[in-house]
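# Residue-level structural notes
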Amino acid sequence: MAGDIAGDTGDTGDTGDTGDTGDTGDTGDTGDTGDTGDTGGFELRGINHLALVCRDMERTVDFYTNVLGMPLVKTIELPAGMGQHFFFDCGGGDCLAFFWFPDAPDGVPGISAPAARPDQGDLTSAIGSMNHVAFDVAPEKVEEYRARLVAAGIDCTEIANHDDSEWGISETLHSGVFVRSIYFQDPDGILLEFAAWTRALGASDVSHAPAKAKGADMAAEHEISAPTHPSQPVRV
């Protein structure tokens, strides 16, 4: 694999400026969760691992270790020739994992994953699919990391300044931008992102009602209006 951006993006001892979730300072602190995220019953400590599926484990190891600088920390040979399961340290105590299955079906663009990067096509993927993986990076590293991706021969987007405007993107960095990101793809076409929080999130950032499934209201109305049937006598 040509080039690499390894270095401070894959240090397992000191995450420092590569995705430290302990102290984000005033540039991207989304709240003080300490060591756990108390959701009202389960004390969650983040993502243990996200497991994806690759076509060629050797090629995947090359990309994630030699290009993105993620140490390979655990390898598993599945029983009865079922395949392999490898884990990469992606910083912050989290892992990105991959399965390799010898007879896995091909992915279907637009269904199992987006058909293209956000700047090239539709971001839609199927319900239950893994749309993309965003790795947390320091705001001051965004320009450098894009340059290193390009130098490594990785095709990627320009830096996206996400804000609350109609289209959600600004050409310039301003006080309303909440995250900056770069999108690119791995050898299997999995959509990846380097994302950097640029301001603290507050109550005003949660301002939209969650959408319902298509037809949900009609189904509910049909259920309410359906005639009731008298119960049948029980025969014993």
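The structure we're discussing is the one just above.
Conventions used here
Residues numbered from 1 in each chain as written. Predicted model: local features only at pLDDT ≥ 70, side-chain atom pairs only at ≥ 80, totals over all residues. Heavy atoms only, no water. Core = buried A, V, L, I, M, F, W, Y, C linked by side-chain atoms within 4.5 Å. Buried < 20%, exposed > 50% of the residue type's maximum accessible area, 1.4 Å probe, protein only. Helix = DSSP H or I, 4+ residues; strand = E, 2+ residues; numbered from the N terminus. Contact = heavy atoms within 4.5 Å. Arc of directions from axis to C-beta. Polar contact = N/O pair within 3.5 Å; in protein donor to acceptor, adjacent residues only side chain to side chain. Phe/Tyr/Trp six-rings, centres within 6.5 Å; stacked < 30°, edge-to-face > 60°.

Turning to the nonpolar core, a few remarks are in order. Ranked by size, the top nonpolar core spans 28 residues in total, and within it Tyr64, Leu68, Phe98, Phe184, Leu192 and Phe194 carry the most contacts. Put simply, the parts of the chain that give this core at least two residues each are strand 3 (49-54), helix 1 (57-67), strand 5 (83-89), strand 6 (95-100), strand 7 (133-136), helix 2 (142-151), strand 10 (179-185) and strand 11 (191-197). Here this core takes five residues from helix 1, the largest share from any one element. When neighbours within four sequence positions are excluded, tyrosine 64 is seen to be in contact with Gly69, Met70, Phe88, Leu96, Phe98, Asp186 and Leu192.

Looking now at helix 2. For helix 2, the set of buried residues is Val142, Tyr145, Arg146, Arg148 and Leu149. Taken down its axis, helix 2 places every buried residue within 160° of arc, on the same side. Elements in contact with the buried residues of helix 2: strand 10 and strand 11. Backbone geometry just downstream of helix 2 places glycine 153 in the positive-phi region, at approximately 85°.

Considering the arrangement of structural elements, one finds arginine 148 in helix 2. There is a polar contact of 2.7 Å between the side chain of arginine 148 and the side chain of glutamate 144.

We now examine the packing of aromatic side chains. This structure, assessed with the given rule, holds eight aromatic pairs. Consider the rings of tyrosine 64 and phenylalanine 98, whose centres lie 5.0 Å apart with planes at 45°: the pair is tilted. Placement of the pair is tyrosine 64 in helix 1 and phenylalanine 98 in strand 6, with a sequence separation of 34 residues. Considered together, tyrosine 64 and phenylalanine 98 belong to a single accessibility category, that of buried residues. Ring centres of phenylalanine 184 and phenylalanine 194 lie 5.0 Å apart, and the angle between their planes is 65°; on these two criteria the pair is classed as edge-to-face. Taken together, the positions of phenylalanine 184 in strand 10 and phenylalanine 194 in strand 11 put the pair 10 residues apart, joining distant regions of the chain. The burial state of phenylalanine 184 is the same as that of phenylalanine 194; both residues are buried. One aromatic cluster is present, built from ring pairs that chain together Phe63, Tyr64, Phe88 and Phe98.

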